[in-house]
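The lines below spell out each chain.
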Amino acid sequence: MSQTASTSEAGTDSAVAVIVPQTSGSERFLRIAVPVGMLVLAIAAWQIYVVTSGVPRYILPSPTDVATALWTDWGTLYPALLVTLRITFAALALALVGGVAMAILLVQSRWVELALFPFAVIMQVTPIVAIAPLLIIYTPDTQTALLICGFLVAFFPILSNMVAGLKSVDHNLLNLYDLYGATRWQQLLYLKIPASMPYFMAGLRIGGGLALIASVVAEFAAGSAGAGSGLAFRLLESQYRLNMPRLFAALLLLTATGVAIFAITSFISWLVLHRWHESAVKREN
Amino acid sequence: MTDSDSKDAVAGRTGGDDRLVVSMRGVSKIFSNGTLALSDMSLDVRRGEFLSLLGPSGCGKSTALRIIAGLGAPSSGTVAWPSSRINSRGLPEGDVGFVFQEPTLMPWQTVFGNVYLPLKLLGKSKAASRDRIMEALASVGLADFEKAYPRELSGGMKMRVSIARALVTQPKLLLMDEPFAALDEITRQKLNDDVLRLWRETGTTVIFVTHSVFESAFLSNRIVVMKARPGQVFTDLPIATSGSRDAHYRTSEEYRATTDLVSRALQDAIQHGGTA
């Protein structure tokens, strides 16, 4: 993104060179080495503590126990991971489509917004997990109930961020669109939606994290069992059986999923915003 | 000053011909909070004029400009654009360019994308618009910056993009709302020179809102001084110059005399207006 800033004109307002700072090789190495090193140190300390103190593995398993469990129990854990992933991403996808569509509908008219306002507040303040038992009764199977829970939880941050974004458009730009006789559709497509992208991306990152949390907590609440159950059920099951290594392995998979969602949503956000938005621009003084 | 006086004052002494571009008749504007921003304002603008609206803050000069642009209807009175094609909403279609006080660029679009916007909204394809966009960018000295994003540009350069965007439709009327108020003096002088050059080259009509006596005296061939509370035309001054307006003109006795005349008119306007 280095911009060739050469111009024939003179004056104070002429070329502003944007020079991409070249980070040195050693700094780039340290940037990765420091956090990874700390993580490795922490795991090593954990291993040493478990080995030296002789704490039983049904209380606290060592990292090697967890790794072994991950390997040997992969046949049980992997299908559970897939179920959790499927529910999380389906819930997030539904929340994205629903949240954005609803936000666009809300900003069309003040009356629509007023009419739907009480529902939005009620849905937002109710702890969604509390309706999981109800959903189990109303839905044909547990999976659907979990999906609805995940959707409801991820829906609101996306909706409220998107509404804020659609309303945050520069008034002079709106005037400019009016001046050139832009249709409502053009205004939405070329102005309001691009202008709300930073807000949408914030909603996406929050919603992505919440969708995973919701799908796990809802599974705890719904108490699914047997085939087709997710990582949350495997966690509870391991606890009942005092199979701590497997519990930790399930936990590790959930963490990895969370990290992956965070990385993916952050990357999408960077991809969309890095050319123009301040939040994604490297700041230098 | 009555309207017929101003007509006589302008005829023959400015570069404009007799065709009206904008005609305001008894325009008042009351905002929803009860503020009377404009009261019974009449103004005729002829083709080819460079007209400055000068006045203290709160005199409604920006409000008048927005009404001329068709942004917000007057509370009473009429505005007409006699030389423009009028669209179904009763507004001139694609014939008005507007430059705001801030550059008002879309940060997610490149310089090219920002200048393309007016043509895009008028339904022109990118390929068909390319030549006109590059021509507009070249006219403000930014032909090399088509792929840059607004945040990569300085304040003065952003303003140039904004001017290129306003010119890309080849408007009959270019409206500028204190466009250089936020820029430093050196940049402002340079952009003043550029605006004058573009005005001469394109033959467009310019209405320029400013609170700077010096800027209005340098640029205009007609200065309409407004007074505040309520906003009204106070006096209408034709500005004739013998030579061209260049760096030399800035230090000439003629320019000094003009600024003196305009300053006095502004002082009178401020005294006759309500407390600012």
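All values derive from a computational prediction rather than experimental measurement.

K.L.:
It is not clear to me how the overall build of chain A should be interpreted in this structure. Could you clarify?
P.N.:
Scanning chain A for helices and strands turns up 11 helices and zero strands. Sorting the 285 residues of chain A into buried and exposed places 32% on the buried side. In chain A, the proportion of contacts linking residues at least 24 apart, taken out of those at least 6 apart, comes to 73%.

K.L.:
How should I be thinking about the overall build of chain B in this particular structure?
P.N.:
Scanning chain B from terminus to terminus reveals nine helices and nine strands. The C-alpha atoms of chain B give a radius of gyration of 18 Å, which matches the 19 Å a tight globule of 276 residues would have. Along the first, second and third principal axes, the C-alpha set of chain B runs to 50 × 45 × 35 Å. Contacts in chain B between residues at least 24 apart in sequence constitute 75% of all its contacts with a sequence separation of at least 6.

K.L.:
Would you take a moment to explain the sheet that holds strand 8 (residues 222-227) of chain B for this structure?
P.N.:
Residues and elements named next belong to chain B. Reading across the sheet, the six strands line up as 5-6-7-3-8-9 and stay open at both edges, with mixed pairing between neighbours. Two strands lie at the open edges of the sheet, namely strand 5 (96-99) and strand 9 (232-238), each paired on one side alone. Within this sheet the neighbouring strands show an average axis-to-axis angle of 15 degrees, counted without direction. With five bridges joining them, strand 3 (residues 50-54) and strand 7 (residues 205-210) adopt parallel strand pairing. Residue pairing across strands places Phe 50 opposite Val 206, the latter belonging to strand 7. Sitting on the sheet, helix 5 (residues 155-167) touches strand 5 and strand 6 (173-177), and the angle it makes with strand 5 is about 170 degrees.

K.L.:
How should I be thinking about the pairing of strand 7 of chain B in this particular structure?
P.N.:
For a regular strand, the rule is simple: side chains alternate between the two faces of the sheet. All names here are of chain B. In terms of residue burial, strand 7 counts as a mostly covered element, since six of its six residues are buried. Covered by surrounding structure in strand 7 are Thr 205, Ile 207 and Val 209 together with Val 206, Phe 208 and Thr 210, the residues of both alternating faces. Handedness of the crossover joining strand 6 and strand 7 through helix 6 (residues 185-202) is recorded here as right-handed.

K.L.:
Please explain the interface of chain B and chain A as it appears in this structure.
P.N.:
Interfaces are often sized by the accessible area lost when the parts come together. Listed by partner, the interface residues are 33 residues for chain B and 27 residues for chain A. Those elements giving two or more residues to the side of chain B that touches chain A turn out to be strand 5, helix 3 (111-121), helix 5 and helix 6 of chain B. Across the side of chain B that touches chain A, the residue classes tally to 16 nonpolar, nine polar and eight charged.

K.L.:
Help me out: how do you make sense of the sheet that holds strand 1 (residues 20-30) of chain B in this one?
P.N.:
By way of backbone hydrogen bonds, the strands of a sheet pair with one another, either parallel or antiparallel. All names here are of chain B. With respect to topology, three strands assemble into an open sheet ordered 2-1-4, the strand pairing being antiparallel. Looking at which strands have only one partner, the edges of the open sheet turn out to be strand 2 (36-46) and strand 4 (76-80). On average, each strand axis in the sheet is inclined to that of its neighbour by 15 degrees, with strand direction left out of account.

K.L.:
What's the story with helix 11 (residues 244-273) of chain A in this structure? I'm lost.
P.N.:
Side chains of residues three or four places apart in an α-helix project in the same direction, reflecting 3.6 residues per turn. The first and last C-alpha atoms of helix 11 of chain A sit 43 Å apart over 30 residues, in line with the 44 Å expected at 1.5 Å per residue. Taken together, the buried residues of helix 11 of chain A touch helix 2 (63-72), helix 3 (74-108), helix 9 (197-222) and helix 10 (231-240) of chain A.

K.L.:
Would you take a moment to explain the pairing of strand 8 of chain B for this structure?
P.N.:
All names here are of chain B. Burial analysis of strand 8 places six of its six residues in the buried class, which makes it a mostly covered element. What you see with strand 8 is no split at all: Arg 222, Val 224 and Met 226 on one side and Ile 223, Val 225 and Lys 227 on the other are buried throughout. Bridging between strand 3 and strand 8 involves four bridges; their strand directions are parallel. Opposite Leu 51, over in strand 8, you have Arg 222 as the bridge partner. The pairing of strand 8 with strand 9 spans six bridges and is antiparallel.

K.L.:
How should I be thinking about helix 4 (residues 126-139) of chain B in this particular structure?
P.N.:
All names here are of chain B. In a regular helix each residue adds 1.5 Å, so 14 residues correspond to 20 Å; helix 4 covers 19 Å between its end C-alpha atoms and thus fits that length. All of the buried residues along helix 4 are Ile 133, Ala 136 and Leu 137. In the stretch just after helix 4, Gly 141 is the one whose phi turns positive, near 75 degrees.

K.L.:
Help me understand the packing of helix 10 of chain A against helix 11 of chain A in this model?
P.N.:
Between two packed helices, both the angle of their axes relative to each other and the distance between the axes serve to describe the pair. Residues and elements named next belong to chain A. It is the contact of helix 10 with helix 11, at a shortest axis distance of 8 Å, that shows an interaxial angle of 160 degrees. In terms of orientation, helix 10 and helix 11 fall into the roughly antiparallel class. With respect to the hand of their crossing, helix 10 and helix 11 are arranged in left-handed fashion. On the side of helix 10, the interface is formed by Leu 231, Arg 234, Leu 235, Ser 238 and Gln 239, while helix 11 contributes Arg 246, Leu 247, Ala 250, Leu 251, Leu 253 and Leu 254. Looking at the contact of helix 10 with helix 11 residue by residue, the class counts come to seven nonpolar, two polar and two charged.

K.L.:
Teacher, can you tell me more about the confidence of the model for chain A here?
P.N.:
Residue and element names in this part refer to chain A. Of the residues in chain A, 87% reach a pLDDT of 70 or more, and the chain-wide mean stands at 84. Of all helices and strands in chain A, the one with the weakest mean pLDDT is helix 5 (residues 132-138) (82), whereas helix 11 scores best (93). With pLDDT under 50 throughout, residues 1-16 is counted as low confidence; its partners more than four residues away or in other chains account for 33 contacts.

K.L.:
Just checking my understanding: could you explain the environment of Val83(A) for this structure?
P.N.:
All names here are of chain A. Looking at the element boundaries, Val 83 is found in helix 3. Overall, Val 83 belongs to the buried group, with 23 C-beta atoms counted inside 10 Å. For the pair Val 83 and Ala 164, spaced 81 residues apart in sequence, the C-alpha separation works out to 33 Å.

K.L.:
It is not clear to me how the nonpolar core should be interpreted in this structure. Could you clarify?
P.N.:
Side chains of a nonpolar character, in soluble globular proteins, are inclined to be buried together. Core analysis: the biggest nonpolar cluster contains 89 residues, and Phe98(B), Val115(B), Ala164(B), Leu175(B), Val225(B) and Met226(B) have the highest contact counts within it. In contact with Val225(B), not counting residues within four places along its chain, are Leu54(B), Gly55(B), Phe234(B), Thr235(B), Leu237(B), Ala265(B), Leu266(B) and Ala269(B). Within the second largest apolar cluster, 56 residues are counted, among which are Leu204(A), Ala218(A), Ala221(A) and Ala249(A).

K.L.:
Can you walk me through unusual backbone geometry in this structure?
P.N.:
Backbone geometry follows two general trends: most residues other than glycine have a negative phi, and most peptide bonds adopt the trans configuration. Residue and element names in this part refer to chain B. Located in the positive-phi region is Asp 40, a residue other than glycine, with phi close to 50 degrees. Within the secondary structure, Asp 40 is located in strand 2. Of note, the phi angle at Glu 178 is positive, near 40 degrees, even though the residue is not glycine. Looking at where Glu 178 falls in the secondary structure, it is placed in the loop between strand 6 and helix 6.

Definitions and cut-offs
Residues numbered from 1 in each chain as written. Chains lettered and ligands numbered in written order. Predicted model: local features only at pLDDT ≥ 70, side-chain atom pairs only at ≥ 80, totals over all residues. Helix = DSSP H or I, 4+ residues; strand = E, 2+ residues; numbered from the N terminus. Buried ≥ 20, exposed ≤ 12 C-beta atoms within 10 Å, placed from the backbone. Contact = placed C-beta atoms within 7 Å. Rg over C-alpha atoms; globule rule 2.2 N^0.38 Å. Pairing = 2+ DSSP bridges. Axes fitted to C-alpha atoms, helices over the stretch in contact; angles between N-to-C directions. Right-handed = clockwise from strand over helix to strand, strands pointing away. Nonpolar A, V, L, I, M, F, W, Y, C, P; charged D, E, K, R; others polar. Expected span 1.5 Å × (residues − 1). Parallel < 35°, antiparallel > 145°, perpendicular 65-115°, else oblique. Left-handed = near helix turned anticlockwise from the far one by under 90°. pLDDT = per-residue confidence, 0-100. Core = buried A, V, L, I, M, F, W, Y, C linked by C-beta atoms within 7 Å.

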